[in-house]
Structure formats: structure tokens, C-alpha cells
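Chain and residue survey
Below, each chain spelled out in residue letters.
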Amino acid sequence: YVAIASLTPGRRLVLPLRGKGRIDGDIRVVFDPGRETAFVHKAYDVRVPAQRASSAAVGLDAGVTEVLAASNGEKYGQGYGVLLDRLSRKTTETGRARNKLFQLANRAEDRGDAEKASRIRRQNLGRRKLRVQRARGEATVKTMVGQAVRAALKDRPCVVAVEDLSHLRGRTKSRKLSRIVSRWARSDLKERLAFRAEAGGSRLETVNAAYTSPTCANPAFGFGPKDHRHG
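Computed from a predicted model, the values in this text were never measured in an experiment.

In this section: the packing of helix α1 (residues 80–110) against helix α3 (residues 128–152). Relative orientation of the contacting elements α1 and α3 amounts to 170 degrees, with a least axis distance of 11 Å. The pairing of α1 with α3 is recorded here as roughly antiparallel in orientation. Where α1 approaches α3, its residues Tyr80, Leu83, Leu84, Leu87, Lys90, Thr91, Thr94 and Arg98 are matched on the opposing element by Leu130, Gln133, Arg134, Gly137, Thr140, Val141, Met144 and Val145. Taken together, the residues of the contact of α1 with α3 sort by class into 8 nonpolar, 5 polar and 3 charged.

Before going further, it helps to spend a moment on the environment of Glu115. Along the polypeptide, Glu115 turns up in helix α2 (residues 114–124). Sequence separation between Glu115 and Ala105 is 10 residues; the distance between their C-alpha atoms is 9.7 Å.

Turning our eyes to something else, we now look at unusual backbone geometry. Of note in the backbone geometry, Arg156 takes a positive phi value of approximately 55 degrees without being a glycine. One can find Arg156 in the loop between α3 and β8 (159–163). Overall, Arg156 belongs to the partly exposed group, its relative accessible area being 25%.

Remark: α1 packs on α2, axes separated minimally by 7 Å, with the N-to-C direction vectors making an angle of 160 degrees. Overall, the two elements α1 and α2 adopt an arrangement that is roughly antiparallel. In this structure, α1 crosses over α2, and the sense of that crossing is left-handed. Along its contact with α1, which presents Arg98, Leu101, Leu104, Ala105, Asn106, Ala108 and Glu109, the element α2 presents Lys116, Ala117, Ile120, Arg121 and Asn124.

Moving on, we get to the pattern of salt bridges. If you walk through the whole model with that rule in mind, you get 4 salt bridges. Measuring nitrogen to oxygen at the nearest pair gives 3.3 Å for the salt bridge that ties Glu138 to Arg134. Of the two residues, Glu138 and Arg134 both sit in helix α3, 4 residues apart, roughly one turn of that helix. The class for Glu138 is partly exposed, based on a relative accessible area of 36%. For Arg134, a relative accessible area of 36% gives the class partly exposed. For Glu205, the salt bridge goes to Arg203, with nearest N and O atoms at 2.8 Å. In this structure Glu205 comes out as partly exposed when scored by relative accessible area, which is 31%. Note on Arg203: relative accessible area 47%, which makes it partly exposed.

Here the focus is a positive patch on the surface. A contiguous patch of positive charge on the surface is contributed by Arg107, Arg111, Lys116, Arg119 and Arg122. In this fold, Arg111 is placed in the loop between α1 and α2. A relative accessible area of 56% means that Arg111 is categorised as exposed.

Scoring rules and cut-offs
- Residues numbered from 1 in each chain as written.
- Predicted model: local features only at pLDDT ≥ 70, side-chain atom pairs only at ≥ 80, totals over all residues.
- Heavy atoms only, no water.
- Axes fitted to C-alpha atoms, helices over the stretch in contact; angles between N-to-C directions.
- Helix = DSSP H or I, 4+ residues; strand = E, 2+ residues; numbered from the N terminus.
- Parallel < 35°, antiparallel > 145°, perpendicular 65-115°, else oblique.
- Contact = heavy atoms within 4.5 Å.
- Nonpolar A, V, L, I, M, F, W, Y, C, P; charged D, E, K, R; others polar.
- Buried < 20%, exposed > 50% of the residue type's maximum accessible area, 1.4 Å probe, protein only.
- Left-handed = near helix turned anticlockwise from the far one by under 90°.
- Salt bridge = Lys/Arg side-chain N within 4 Å of Asp/Glu carboxyl O.
- Patch = residues over 30% accessible without salt bridge, like charges linked within 9 Å, V, L, I, M, F, W, Y side chains within 5 Å.
- Areas by Shrake-Rupley, 256 points an atom, 1.4 Å probe, with all protein chains shown as cover.
- Lys, Arg positive; Asp, Glu negative; His and termini not counted.
- Charge placed at Lys NZ, Arg CZ, Asp CG, Glu CD.

Now the structure itself:
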């Protein structure tokens, strides 16, 4: 168990643990209200055995149709776009349905039917199920990202070049694309790439994203004409 300080002086909250590992030092306690569960996070130093890269350099292009497209023509995490689109549409449909229920509750309150308004808000507008669904979708996205990165770096390339995506902020011209990009696990992708590259002895380099996507994987072609790309 771990005992943590509470807001009441002299009292501590005791959290039983499922694991058997000994925990000491600094920890982080995260409460998940959807599951009514507390998680204890403890950071440990990971000792990665030194390895030498065993294959040629590779460039990786992150996208929203697949997780990664490599400079050799390989694609990893295909079906990523379908997953993001499905999660985006589910979020939109749920939001519309909840807005209608909000309006029904407000109209009932305006008519003086406070009991009906309270019942709608209590039974149909809770956030617990919403949080669980959101967490489940995010976990599925992270799993696909992790599998794609593992497959892309399994041959341990000497250099892994990725485009700089830190500047991507705000909305795009397409409302649908904006919703999809909002589900894009960009930070998780960056973290997995950094860890896998170091573990495999690869050097991770960030390059300017300008003109990287239209470059053809076949060196005989170089940059393709504009009609090869749509959007």
C-alpha cells in the first residue's frame, strides 16, 4: 500500500496496491473518476543495452492515413486514418445528441418542470461513460502508434529522419480534418520514436517538413507533379 497526505491534518489516505513491487521515492497519484480507481506512477531509469545500428538511414513521414510512411515506400500502421475518422465521427455524433438533450432539459426547466430537467441531466448527461469511451479510444490510437513505430524501426537504421510537426496548431480549412488531427497522438508518436531509436542504436534527426511529402520514394523521379497530391 501507499499512504498519502490528505486535506485533513494528521490523516492519511491508504491506497492498497495490486502489484508486488516495492515503491519508494517520488510518486505521482492519478485518480480516474470514470473507473473510480487510483493509479500510482513511479519513474525508473531504463537501462538500454548498447547496440549498433544495422541498416541504412530511413526517412519517416507521419500522416493521418497511416501512422508512418517510410522513404523506401513502406507504410506502417495502415488503417490509422479509418480509426481516427471513426473516433472523430463518434465524438461528433455524441456531441450532437448531448446538445439536443441539453436543449430538452433547458426547455423543461423553462416550463417549470424541474423534475424532468433534473432527470435528463442526471440520467443522460453524465460524464463518466463519456470519459471511459474517450480513454478507450485514446488507448487504441496509442497501441496502433506503438506497433507502427516498432515495425518501422525493427531493422535498426543508422539514422531516422522525421519531419518537425511541433508547429501544427489550430484548425485547418477542413472541419473534418481538424477533428481527425485533434485525435492524432502526435506527442505519443514523438515519444515512441525517441525511445525506439535510442534502444536500437539509431540517431534520430528532425528535419524541416517543407517539400518532404511530395518526394517520391524512387530516386529516379524526385519531386512529383502537383496532380499527384490531393489536399
